[in-house]
Every structure is written in structure tokens, then in C-alpha cells.
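# Fold and geometry: a report
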Amino acid sequence: MLKDKFGRDINYLRLAVVDRCNLRCTYCMPENGLTWIKQQELMTDEEMIRICSVFTELGINKIRITGGEPFVRKNSMAFIEQIAQLKGLHDVSITTNGLLTEQYIPRLKASGIKSVNLSLDTLDPERFFSITRRRSFDKVMKTLDSLLNHRITVKINAVVMEDKNIEDIIPLVQLTKELPVDVRFIEEMPFNGTNAAVSLKWNYAQIYEHIKASFPGIEKTEDPKSSTSYNYKIHGFAGSIGIIAAYTRSFCGDCNRIRITPTGELRTCLYEGEGINLKEALRSGKTDQELKDIIISSIQHKPKDGWEAEKSNFTSSQIHQSMATIGG
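Description of the structure in this document.

What counts, and at which threshold
- Residues numbered from 1 in each chain as written.
- Predicted model: local features only at pLDDT ≥ 70, side-chain atom pairs only at ≥ 80, totals over all residues.
- Heavy atoms only, no water.
- Helix = DSSP H or I, 4+ residues; strand = E, 2+ residues; numbered from the N terminus.
- Buried < 20%, exposed > 50% of the residue type's maximum accessible area, 1.4 Å probe, protein only.
- Expected span 1.5 Å × (residues − 1).
- Salt bridge = Lys/Arg side-chain N within 4 Å of Asp/Glu carboxyl O.
- Pairing = 2+ DSSP bridges.

## Quick word on unusual backbone geometry
- Here the bond from Gly 67 into Gly 68 is cis, since omega is 20 degrees, no more than 30 degrees from zero.
- Looking at where Gly 68 falls in the secondary structure, it is placed in the loop between strand E4 (62-66) and helix H2 (76-84).
- The backbone phi angle of Arg 151 is positive, close to 55 degrees, even though this residue is not glycine.
- Residue classification places Arg 151 among the exposed residues on the basis of a relative accessible area of 71%.

## Focus: helix H1 (residues 45-57)
- Taking 1.5 Å of rise per residue, the 13 residues of H1 would be expected to cover 18 Å, and the 18 Å separating its terminal C-alpha atoms lies within 8% of that figure.
- Among the residues of H1, Asp 45, Glu 47, Met 48, Ile 49, Ile 51, Cys 52, Val 54, Phe 55 and Thr 56 are the ones counted as buried.
- Immediately downstream of H1, the backbone of Gly 59 shows phi near 115 degrees, a positive value.

## Quick word on the pattern of salt bridges
- What the rule picks out here adds up to 13 salt bridges.
- Here Glu 81 ties to Arg 107 by a salt bridge, and the two come within 3.0 Å at their closest N and O atoms. Linking Glu 81 in helix H2 with Arg 107 in helix H3 (residues 105-111), this pair joins segments that are 26 residues apart in sequence.
- On the basis of relative accessibility, which here comes to 37%, the residue Arg 107 falls in the partly exposed class.
- Of the charged contacts in the structure, one is a salt bridge between Lys 279 and Glu 280, with a shortest N-O distance of 3.2 Å.
- Judged by relative accessible area, Lys 279 falls into the buried class, the value being 4%.
- The network of salt bridges with common partners includes Arg 127, Glu 167 and Asp 168.

## Considerations on the pairing of strand E12 (residues 257-260)
- Burial of the side chains of E12 extends over both faces: Arg 257 and Arg 259 are buried on one face and Ile 258 and Ile 260 on the other.
- Relative to strand E13 (residues 265-267), E12 runs antiparallel, the two being bridged by two bridges. Bridge pairing in E13 places Ile 260 opposite Leu 266.
- Adjacent in sequence and paired antiparallel, E12 and E13 are bridged by four residues, among which Gly 264 carries a positive phi angle near 95 degrees.

Structure follows, in C-alpha cells:
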């Protein structure tokens, strides 16, 4: 098992397979998109599989495929099927916006994918368009229905934004009354690809109080080890609720995560400005053992928390980089 200098077990890799996305969410990127990474700078499928194999040999047993939007990448489903076959993996999951996902759900199920995180910030089609700048709400809802019909665990990720979707918090909570979904409300982060400031008004405490005002019987449930969310349940509801303190970063204490960006950069913390490029190490001819040594050394420099990482590594230009370039 990989351990950092704070004694934390590192067993969870978030792999961003592409930076491109077919939405233009206001909290993630500018309306006209970003300057996309050139094809030759992205990792190939073979390179990603080799890197993931090295990680599983080091004790990584959970991999989440992210982006950008992972299904925008050519042959993404075939790649996911190969990743799911890696020895030592107990959990392969996907984070998606749902626009292209529905067609692949039977294959996801057959591959052993048990969990999908679905981005859905509103249940109102017009607000969906306002936030994502695309009229694709119906596609996302069809994906949600199909995932549930195939008995794949669904976590709905909703970024809470002042003056944009506050009125959706209660309807999203009500969604858990009949559906066995986990709706997770996420504090807005500064990774929006612009210099736009982020409001701190709707932090996790404010989100909780807003929910509690409508559901005074809300009950705290046990948070799993290394959970990023504070978890809750409303009596009689089929689903559950989580609140992720993504900006205030109160979940860093037992972090078990590392990230690989679409260009192969290993980030030991979401809030790091840069990391070691494993793709370049691989292309320079490094052996698997040499890659392992690089990984182990990098993890020994994993910061204590997001505040330390940001203070040490971010420049004023890096703090507003898009989530699409970091890896979800």
C-alpha cells in the first residue's frame, strides 16, 4: 500500500482521459471553451493502461475515470473495459455529464462498473441551459433513468452557485425521496477557467442549514473513511444526501487520492499547481520499476491539505485553471 509522509494510505486514482467537454458550464470554463490540449500531448490508451497497471501493483485498488467529459474521447468505452480488467482493482467508476453516456450503459454494466457520478446542477431545463450553455437536459435525464434501470449506483453531483441554482437545492433533495440516488451538493471552486471570483456564501454549513429548514428531521449518517462529503439521510427517503466542502477543504485530513491529468501529470492534491509528468517519463524509456520509484517519491511530497498545496504551488494564473485540465 502506498503511504504518504503523514501515514495516509493512498489507494484511489482519479484518471482524466481527456480535457475536452461537450458542455460549457459556467463554473468550469469560459463560454468559448479552452485552448484544448493537442492530440500528441495526450496520453495514448496504451500509455494510460500501463500507468494504471503500475499503480495497481503499488496498491491502488480504485480508479475513477474523469475528464473533461470522458465519453468525448474516441474509443473511451473500449478503454474503460480494458481498465476494468486490471488485476487488483476492486472499484472502477465513472464521472460523466450524461450527454453521451446512455448508449454505453449496458456495456458499463457488463464491464462491472458499479458506480457512476452524474453531473446535474438543476432539475429545470432553462436553468440547465443557463448553467451549461447547452440544451441537453433531456439527454441527462434519460441517462439517469437508464443507470437506475440497470441498477448502477448513481451519485448526482450538483455545484451550488449563488444566484444560479439555489432554488434547485430542495427539489434535488426531494429527488431522493423516491429514487435510490445520492445527491451531493458541492461548494463552488475557483477552477472555472476564468478570473471570475467565487462566492463563499454558500459553503457547506449554509447548504446544510438551507436543507434543514425544509427537512428538520434530516439525520447525520456515518461518513466512510476518506469520504469527501458530510453525509445525511431523511427518514423514509430511498436515497441520501451529501455535502462536499470543496472550497473550504475540511476533508483533507485522511485524503487517499491522487490524480493523473490528461497529459500524464501526477497531482498528489487537487490544489497543486503542477506535478511530475509520468507520460514523459514513460516516453523517455523508464522501466516499470523506475516509474514506481517516481510515483513513490512524488507521494512522499503530498501536502498535508489543500491550503498547503495552494500556498506552495499556485500562481495567480494557475488558481483559475479549468477543472477540465486538472482532472475532475
